[in-house]
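# Residue-level structural notes
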Amino acid sequence: MIHLRSFRVRICIIILAVGILPGILLQGAIVQTYESRAVERRAATVQNQLLIISQHLLSNNYFSTYRLEDPGFQNSRQVINAELEMISNLYEGRVMIIGRGCKIIKDTYGISEGKTIISEEVIKCFRGENITHYDSQNGYIEMTTPVVSTGNDGKSTVVGVMLTSVSDTSIRDTMDLMNRNALTIELLIILAIVAMAVGLSGVLTRPFKKVSTEIAKVRDGTSDKAISVPDYVETVHIVNAFNELLSRMNTLNESRQEFVANVSHELKTPMTSLKVLADSLLSQDNVPAELYREFMEDMVSEIDRENRIITDLLALVKMDKKAQGLNITALSINDLAELTLKRLRPIARKKDVEVVLESMRPVVAEVDEVKMTLVMTNLMENAIKYNKEHGWVKVVLDADHQYFTLEVSDSGIGIPEEDLPHIYERFYRADKSHSREMGGTGLGLAITRSAVLQLHGSISVTSILGEGSSFKVKIPLNYIAESGV
Ligand code: ADP
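Residues numbered from 1 in each chain as written. Predicted model: local features only at pLDDT ≥ 70, side-chain atom pairs only at ≥ 80, totals over all residues. Heavy atoms only, no water.

### A short note on the overall build of the chain
Selection rule: Helix and strand definitions follow DSSP, with helices as H or I runs of at least four residues and strands as E runs of at least two, each counted in order from the N terminus. Two things to know: the radius of gyration comes from C-alpha atoms, and the globule rule equals 2.2 Å times the number of residues to the power 0.38. Each residue gets one of three labels from its accessible area relative to the maximum for its type: buried under 20%, exposed over 50%, partly exposed in between, using a 1.4 Å probe on protein chains only. Contacts are assigned to residue pairs with any non-hydrogen atoms lying within 4.5 Å of each other.
Check the secondary structure of the chain and you find 10 helices and 12 strands. What you see for the chain is a C-alpha radius of gyration of 54 Å, clearly larger than the 23 Å of a compact globule of 485 residues, by over 25%. Here the chain holds 485 residues, and 39% of them are scored as buried. Sequence separation of at least 24 residues holds for 65% of the intrachain contacts in the chain that already meet a minimum separation of 6.

### Focus: the domain arrangement of the chain
Note the cut-off: Marked domain ranges trace back to an automatic or database domain assignment.
What the domain assignment reports for the chain is domain 1 (7–174), domain 2 (224–320) and domain 3 (323–476). Each of domain 1 and domain 2 was reduced to a C-alpha centroid, and the two centroids are 105 Å apart.

### A word on the packing of helix α1 (residues 7–59) against helix α2 (residues 71–90)
Under the convention used in this document: For every element, the axis is a line fit to its C-alpha atoms; helices are fit only across the contacting stretch, and the angle between N-to-C directions ranges from 0 to 180 degrees. Should an angle fall under 35 degrees it is taken as roughly parallel, and over 145 as roughly antiparallel, whereas 65 to 115 is taken as roughly perpendicular and any remaining angle as oblique. In this scheme the handedness of a crossing depends on how the near helix is turned from the far one: anticlockwise by less than a right angle means left-handed, clockwise means right-handed. Residue polarity follows a fixed list, in which Ala, Val, Leu, Ile, Met, Phe, Trp, Tyr, Cys and Pro are nonpolar, Asp, Glu, Lys and Arg are charged, and the others, Gly among them, are polar.
Relative orientation of the contacting elements α1 and α2 amounts to 170°, with a least axis distance of 11 Å. The pairing of α1 with α2 is recorded here as roughly antiparallel in orientation. Viewed along their axes, α1 and α2 form a crossing whose handedness is left-handed. Of the residues in α2, those in contact with Gln49, Leu50, Ile53, His56 and Leu57 of α1 are Ile80, Glu83, Leu84 and Ile87. Class assignment of the residues belonging to the contact of α1 with α2 gives a composition of six nonpolar, two polar and one charged.

### Some thoughts on the environment of Tyr232
Short version of the rule: Pairs of N or O atoms are called polar contacts if they sit within 3.5 Å, as long as, within protein, a hydrogen donor faces a hydrogen acceptor (for residues adjacent in sequence, only side-chain-to-side-chain pairs).
Take Tyr232: it is sitting in the loop between α4 (169–219) and α5 (233–283). Sequence separation of Tyr232 and Arg10 is 222 residues, and the distance between their C-alpha atoms is 18 Å. Tyr232 has contacts with Val203, Leu204, Pro207 and Phe208, leaving out every residue within four places of it along the chain. A distance of 2.8 Å separates the side chain of Tyr232 from the backbone oxygen of Leu204, its partner in a polar contact.

### Structural notes on α4
To keep things clear, this is the line we draw: In a helix, the anticipated span is given by 1.5 Å times the number of residues less one. We define the bend at each residue as the angle formed by axes fitted to the 7 residues ending at it and the 7 residues starting at it.
Helix length check: α4 (51 residues) gives 70 Å between terminal C-alpha atoms against 75 Å at 1.5 Å per residue, within 8%. Remark: the principal bend of α4, roughly 45°, maps to Arg206, with a proline, Pro207, within the next four residues. A positive backbone phi angle near 85° is found at Gly221, which sits one or two residues after α4.

### Considerations on the packing of aromatic side chains
What counts here: Ring pairs shown here join Phe, Tyr and Trp side chains whose ring centres sit within 6.5 Å, with only the six-membered ring taken for Trp; geometry is labelled stacked below 30 degrees between planes, edge-to-face above 60, and tilted in between.
For the structure on display, the rule yields four aromatic pairs. A ring pair is formed by Phe208 and Tyr232, whose centres lie 5.8 Å apart and whose planes are at 45°; its orientation type is tilted. Here Phe208 is found in helix α4, whereas its partner Tyr232 is found in the loop between α4 and α5, with 24 residues between them in sequence. Since its relative accessible area comes to 26%, Phe208 is described here as partly exposed. Through successive ring pairs, a cluster of aromatic residues spans Phe7, Phe208 and Tyr232.

### Looking at unusual backbone geometry
Positive phi, normally seen in glycine, also occurs at Asn61, with a value near 50°. Residue position: Asn61 is located in the loop between α1 and α2. Accessibility expressed as a relative area gives 35% for Asn61, which makes it partly exposed. If you check the backbone angles, His390 has positive phi at about 60° while not being a glycine. Given the relative accessible area of 59%, His390 is considered exposed.

### Here's the deal with the site of the ligand
Short version of the rule: Note on definitions. A residue lies near a molecule or strand when any single heavy atom of the residue is within 4 Å of it. The protein chains shown are the only cover counted for residues, whose accessible areas, like all others here, come from Shrake-Rupley with a 1.4 Å probe.
Near the ligand you find 21 residues, and of these Tyr386, Ser435, Thr441, Gly442 and Leu445 are the closest. Take Lys385: an N or O atom from its side chain is 3.2 Å from an oxygen atom of the ligand. For the ligand, an oxygen atom lies 2.7 Å from a polar atom in the side chain of Tyr386. Notes on the ligand: free accessible area 530 Å², of which the protein chains cover 98%. Looking at the shell around the ligand, the elements that each hand over two or more residues are α8 (369–385), α10 (444–454) and β12 (468–476). Looking at the shell around the ligand, the element that brings in the most residues is α8, giving three residues. Along the lines of polarity and charge, the residues of the shell around the ligand split into nine nonpolar, eight polar and four charged.

### Remarks on the sheet that holds β12
Put simply, the rule reads: When DSSP finds at least two bridges between two strands, those strands are taken to pair.
On the basis of which strands lie adjacent, the open sheet formed by five strands has the order β7-β9-β10-β12-β11 and mixed pairing. Edge positions in the sheet fall to β7 (354–359) and β11 (458–464), since each of these pairs with one other strand and no more. Between one strand axis and the next, the sheet turns through 10° on average, direction left out of account. Relative to β12, β11 runs antiparallel, the two being bridged by seven bridges. For Thr462, the partnering residue across the bridge sits in β12 and is Ser470. Packing of helix α7 (residues 333–351) onto the sheet brings it into contact with β7, β9 (392–399) and β10 (403–410), and relative to β7 it is tilted by some 175°. Most of the contacts of α8 go to β10, to which it runs at about 20°, and overall it touches β7, β9, β10, β11 and β12.

Given below as structure tokens:
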């Protein structure tokens, strides 16, 4: 279907317009020029003849009436009349000789002789003005020619006027012929240009079709490879953008699959332990009560672990639903940090880890309390969990006029350099045995990073293996909601 918004149709229209319009304009201009030139030349030819006749008129005293009876005068008058007839026949026109008092002396049509003509052109001509006028509507050229007599004293007087109209039939005929010829040529050109426009637009738009075909292949699942249409710079841009999108989708897909695999694995581990514990109890007869109790305690701790994983997963899923459920309020970050530390102190005490909070200044910021607490709890808990006996954890809170920073440093085991880029990934554990032992799910830092990003902040880490780590969070004091989110 022809659609005006189609690129191909537009190219067609442009080619047609560029190809056909100049031809039509040129034809119009040529015919017009021919017309005015032809009219001019015809008028000039007729004027020349009329000038000759005007000489004859003067030399034969055509305008004097007193010699009407003179046979010689009659004779010469007849000769002139014949000349006039000849001109009017030759040019398919009419000649009128007008004498003084605007009286028509001779009319080659023979219908107005003796009458008086009052016309602007005639009057102007008596004053010496020559007028040529082309009436293309009615198809004749009208002109006036003064008959000028020069007296003995050298003074010129207009003694009469010739009012002539000649037909433009021959000019019209030529113009019609020109137009017909031009039309035939134009039609041929139009046909050629239409064929060219259809062909050329097809060729020009082919790369874009190729892009859609290639994209369709990916959409239909036939291929998930990057596509390539290097024909135009434009197609390269489109294709590059698409390939980027494709690779992001592929990465996303892979990470989703990996995530599902990880989740299943993580959830299965406590289940397997549970089954092993239960099976071993069932397979034995007369199990002592203490053993039952011991196994049951292990089973409860496995169930707790399963619960923790599920709680963390739910927190993470909630976090993924962007900006949803954010409850932004102005809070004292100092109070929040203190409260979090207070909650974690018992765990720290168990490991004999000293925890200090250093508040450089009072900080009030617009944050979501739940998310901010999550960030602080995870960072501080990790600092305690991955610490050494009798170690320390230092929390420093500071702010400038735009951001506040929370730095959690510890004297712990540190993170190997090669693990640093991955610690925010879901289920990633730098020190697997340690993490599991500590009841870690590998989701804590993923949740932390998500929360920080939701508050439009950033998180960074420096760590030296065996010496300790330092996590730094930087969050704007004022939360500015993103438009369109
Ligand atoms: P987990 O539940 O295992 O603690 P996290 O996502 O909180 O999971 O942390 C990911 C990994 O990063 C941990 O398994 C641990 O190896 C490492 N890690 C995090 N914080 C620290 C820290 N303060 N010191 C040393 N290692 C850390």
